[in-house]
Amino acid sequence: MPKNRFPTARERRHGAPSSVLRRASIGGIVLVVLLAVAGLVAYVTRAGSPAPPKATPAPASSSVSPSPTATAHAGVAVAAPPKTNDPIEFAKAATKVLWTYDTWSFSQAEHMAGLKRWMTDEKKYADWKSVSDQVPSPVLWSRMHDNGQHAGAMVGEGHFPQAFKTALAQDPGAITEAYVYAVTVTGKQSIAWKGSGAGAESRSTALAVQCRPDRDCALVGVLPNVAP
């Protein structure tokens, strides 16, 4: 894979300590509000979670290698968020757009604008920094564009982490303040670039999703570590 590939989770952790602290903040602050259970907060935000496996080479003809048009969503950089009140369904859809990009067809600014449509409008909970940290800088995006780099995603499974379910069972009423849910999602990201280069990796992520009863779900942020 070329040097200007999409940064891995491990590279982002070691290369941007400030963003790690920011994402740790959402893992702590949001879940404290959500659950008021210190044990869960410590579990979700603790350091040392395993990074996703490195991409493995795949032939250009492999079914996991997307074409540039495959990552475009009807002429827009990022698909629109689904209208659903199911946090797991929403988290799976959000994971797919977070792992999908097309540097050849869209600018970094267009991609970022598309992701912002997924965010909750409640500033008290929204952690845009944890989401924007998933996107390459404008300079890196430009270099990736020169190589025609694009990625698609296949989302497999989503679930509430066991610690989240345990804490919620201990205090069911805690959810009613912020209605923010922790969701772990697994799947595979496939990356391709011009010159028949391609690769794929299995990935997992943990998202904070807000689903109030009277409105559709929205993204709160990306949690710093993945809880089983």
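Residues numbered from 1 in each chain as written. Predicted model: local features only at pLDDT ≥ 70, side-chain atom pairs only at ≥ 80, totals over all residues. Heavy atoms only, no water.

What follows deals with the overall build of the protein. Looking only at helices and strands, one finds nine helices and six strands in the protein. Counting all 228 residues of the protein, 51% fall into the buried class. In the protein, 75% of the contacts between residues at least 6 apart in sequence involve partners at least 24 apart. Split by element, the accessible area of the protein, about 10,500 Å² in all, is 58% carbon and sulfur. (Helix = DSSP H or I, 4+ residues; strand = E, 2+ residues; numbered from the N terminus. Buried < 20%, exposed > 50% of the residue type's maximum accessible area, 1.4 Å probe, protein only. Contact = heavy atoms within 4.5 Å. Areas by Shrake-Rupley, 256 points an atom, 1.4 Å probe, with all protein chains shown as cover.)

Disulfide: a covalent bond connecting the sulfur atoms of a pair of cysteines. Overall, the coordinates contain one disulfide when judged by the stated rule. Sulfur-sulfur distance for the disulfide between Cys211 and Cys217 comes to 1.9 Å. Every disulfide takes its handedness from the sign of the S-S torsion; for Cys211 and Cys217 that torsion is 115°, giving right-handed. (Disulfide = S-S within 2.5 Å.)

The predicted coordinates ought not to be read in detail in places where the model reports low pLDDT. The predicted model of the protein averages 77 in pLDDT, with 68% of residues at 70 or higher. Segment residues 8–25: pLDDT under 50, and 27 contacts once partners within four positions in sequence are set aside and those in other chains are kept. Taken together, the stretch residues 32–73 has pLDDT below 50 and engages in 93 contacts with residues farther than four places along the chain or on a different chain. (pLDDT = per-residue confidence, 0-100.)

Moving on, we get to the environment of His159. Structurally, His159 is set in strand 3 (residues 150–159). For His159, a relative accessible area of 22% translates into the label partly exposed. Residue contacts for His159: discarding those within four places in its chain leaves Ile88, Ala182, Val183, Thr184, Ala227 and Pro228. Here Glu157 takes part through its side chain, which lies 2.9 Å from a polar atom of the side chain of His159. (Polar contact = N/O pair within 3.5 Å; in protein donor to acceptor, adjacent residues only side chain to side chain.)

Another point: the side chain of Gln210. Along the chain, the position of Gln210 falls in strand 5 (residues 197–210). A relative accessible area of 3% means that Gln210 is categorised as buried. For Gln210, the side chain forms a polar contact with the side chain of Thr120, separated by 2.6 Å. Not counting residues up to four positions away in its chain, the partners in contact with Gln210 are Thr120, Glu122, Tyr125, Ala178, Tyr179, Val180, Asp216, Cys217, Ala218 and Val220.

Our focus in this paragraph is helix 8 (residues 162–170). All of the buried residues in helix 8 are Ala163, Phe164 and Ala167. All buried residues of helix 8 fall inside an arc of 100° around its axis, so they share one side. (Arc of directions from axis to C-beta.)

Here we come to the pairing of strand 5. Counting buried positions along strand 5 gives twelve out of 14 residues, so the element sits mostly inside the fold. Here strand 4 (residues 180–193) folds back onto strand 5, and the loop between the two strands holds three residues, one of which, Gly195, carries a positive phi near 90°. Sheet topology places strand 5 next to strand 6 (residues 218–222); four bridges connect them, and they run antiparallel. Among the inter-strand pairings, Gln210 is bridged to a residue of strand 6, identified as Ala218. (Pairing = 2+ DSSP bridges.)

Moving on, we get to the pattern of salt bridges. Following the criterion strictly, the structure yields six salt bridges and no others. As a salt-bridge pair, Lys129 and Asp133 come within 2.9 Å of each other at their nearest N and O atoms. Relative accessible area serves as the criterion here: at 35%, Lys129 is assigned to the partly exposed category. Looking at Asp133, the relative accessible area reads 18%, which means it is buried. Note that Arg215 and Asp214 form a salt bridge whose closest N and O atoms lie 3.6 Å from each other. Connected via shared salt-bridge partners are Glu122, Arg212, Asp214 and Arg215. (Salt bridge = Lys/Arg side-chain N within 4 Å of Asp/Glu carboxyl O.)

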